[in-house]
Amino acid sequence: MLNEQLKQIVNILPLIKQLFDHDVFITVMNAEGIIEGYSVPDGVEPALNVGDMFEDPSGAFQEVIRTGMAKHNHLPKEVMGEAFEGMLVPIKDEKDVVGCIVCTYSVDMKEQIFHTAEKFKESVHNINTSIQDVVDGIENLFKMLTDMNNVTNSVENDVHTAVDVVGKISSNASRSNILALNASIEAARSGEYGRGFSVVATEMGKLANDSGSSATEIKSTLNIITSHLVSIVSSIKDANDMAKEHMENINEIQKILKETIVLAEQLESNLNI
């Protein structure tokens with residue numbers, strides 16, 4: 001025999017149904033099973049039929065019947081093939097709880113969006129971490145380029161010093177050649193007595209010429225090295241400028257990613273309400 005209070009609730013269900021304009025399931029039940037149920041809009045198959053026993057693995061229905069207090073409930077997809085949320089409100093006959101009216105709605109799409117938002121946030125975090133690794137790499141590159149630039153400048157200074165030394169050698173060779181020439185002239189004037197000194201003077205002249213030629217070759221080579229060093233310094237500067245430009249672009253990307261992470265967290269939070 002159906003309780004009078006339950007009958008009254010069943011009679012006004014068509015009116016309650018009109019309060020909703022989106023997909024919901026309105027069900028009246030007691031400990032024996034489903035008494036009446038409607039779907040909004042019409043035509044949507046209800047998850048449970050009249051007469052079916054309602055087995056709530058979460059224990060929310062049993063708790064409402066036991067305590068007489070309304071309760072919000074969530075049924076995961078594994079229970080009924082689709083995720084549902086809703087309110088369970090006790091129906092009382094004086095002090096006794098004789099049944100329950102349940103208004104549920106599908107949150108399957110909501111949960112899919114929630115999981116997608118979680119994955120999206122995780123992906124953005126991973127991208128942000130990867131970009132941070134790139135930033136760290138560029139910072140290390142900056143340091144390496146700076147060190148290379150310092151070493152190159154030091155080598156360039158050493159080459160300039162070597163060029164000055166070679167210049168002095170070349171100058172000394174030129175003076176030595178003049179001295180050797182003068183010695184040869186004096187040896188020739190000395191006749192037989194100056195013959196031995198003439199040989200020495202000739203060898204000194206050859207040595208001075210060889211030294212001068214070697215100094216010229218060394219200076220030419222050092223000038224080529226200096227030219228290469230200038231090109232290296234220019235390339236390092238270009239690399240520095242390019243790395244700086246990339247760093248500015250990456251910082252802008254990181255800024256956008258941080259904003260995206262905040263939006264993803266807000267979306268996740270809103271869906272979790």
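Residues numbered from 1 in each chain as written. Predicted model: local features only at pLDDT ≥ 70, side-chain atom pairs only at ≥ 80, totals over all residues. Heavy atoms only, no water.

Turning our eyes to something else, we now look at the overall build of the chain. For the chain, the helix and strand inventory stands at five helices and five strands. In the chain, the succession of α and β elements from N to C terminus is α-β-β-α-β-α-β-β-α-α. Looking at the chain as a whole, 29% of its 273 residues qualify as buried. Looking at the chain alone, contacts between residues at least 24 apart form 54% of all its contacts between residues at least 6 apart. If you sum the accessible surface of the chain, you get close to 17700 Å²; carbon and sulfur atoms cover 57% of it. (Helix = DSSP H or I, 4+ residues; strand = E, 2+ residues; numbered from the N terminus. Buried < 20%, exposed > 50% of the residue type's maximum accessible area, 1.4 Å probe, protein only. Contact = heavy atoms within 4.5 Å. Areas by Shrake-Rupley, 256 points an atom, 1.4 Å probe, with all protein chains shown as cover.)

Here we come to unusual backbone geometry. Unusually for a residue other than glycine, Glu94 sits at a positive phi of about 60°. Tracing the backbone shows Glu94 in the loop between strand 4 (84-93) and strand 5 (96-106). Owing to a relative accessible area of 76%, Glu94 belongs among the exposed residues under this scheme.

Mapped onto the fold, Val134 is located in helix 4 (residues 108-189). Val134 sits 116 residues away from Ile250 along the chain, and the two C-alpha atoms are 8.6 Å apart.

Within the fold, Asn73 resides in strand 3 (residues 71-75). Among residues more than four places away in sequence, those in contact with Asn73 are Asp56, Ser58, Ala60, Phe84, Glu85, Gly86 and Leu88.

Counted according to the given criterion, the structure contains three salt bridges. Residue Glu63 is joined to Lys71 by a salt bridge in which the shortest nitrogen-to-oxygen separation is 3.8 Å. Under the relative-accessibility criterion, Lys71 is labelled partly exposed at 29%. Among the ionic pairs, Asp147 bridges to Lys143, the shortest N-O distance being 3.3 Å. Note that Asp147 and Lys143 are positioned in helix 4 at a spacing of four residues, about one turn of the helix. Overall, the relative accessible area of 36% leaves Asp147 in the partly exposed class. (Salt bridge = Lys/Arg side-chain N within 4 Å of Asp/Glu carboxyl O.)

Let us now look at the nonpolar core. Listed in full, the twelve residues of the largest apolar core are Leu6, Ile9, Val10, Leu13, Ile16, Val24, Ile26, Val28, Ile35, Ile91, Val98 and Ile101. With five residues, the single largest contributor to this core is helix 1 (residues 4-17). Those residues in contact with Val10 that sit more than four places away from it in its chain are Val28, Ile35 and Glu36. If you look at the next biggest cluster of nonpolar residues, it comprises eleven residues, including Phe25, Ile34, Phe84 and Val102. (Core = buried A, V, L, I, M, F, W, Y, C linked by side-chain atoms within 4.5 Å.)

A word on the pairing of strand 5. With five bridges connecting them, strand 1 (residues 24-30) and strand 5 associate as antiparallel partners. Residue pairing for strand 5: Ile26 is matched across the bridge by Cys103. Alignment of strand 4 against strand 5, held across ten bridges, turns out to be antiparallel. Pairing of Val89 across the sheet is with Ile101, part of strand 5. Between strand 4 and the antiparallel strand that follows it, strand 5, lie two residues; Glu94 among them carries a positive phi value of about 60°. (Pairing = 2+ DSSP bridges.)

By the bridge criterion, five bridges tie strand 3 to strand 4 in an arrangement that is antiparallel. For Leu75, the partnering residue across the bridge sits in strand 4 and is Phe84.

This part takes up the confidence of the model for the chain. With 77% of its residues at a pLDDT of 70 or more, the chain has an overall mean of 75. In the model of the chain, helix 3 (residues 77-80) stands out as the element of lowest mean pLDDT, 70, in contrast to helix 2 (residues 60-67), which has the highest, 87. (pLDDT = per-residue confidence, 0-100.)

All buried positions along helix 2 are accounted for by Ala60, Phe61 and Val64. Mapping the buried residues of helix 2 onto a view down its axis gives an arc of 105°, with all of them on the same face. The elements touched by buried residues of helix 2 are strand 1, strand 3, strand 4 and strand 5. Remark: Gly68 follows helix 2 within two positions and exhibits a positive phi of approximately 75°. (Arc of directions from axis to C-beta.)

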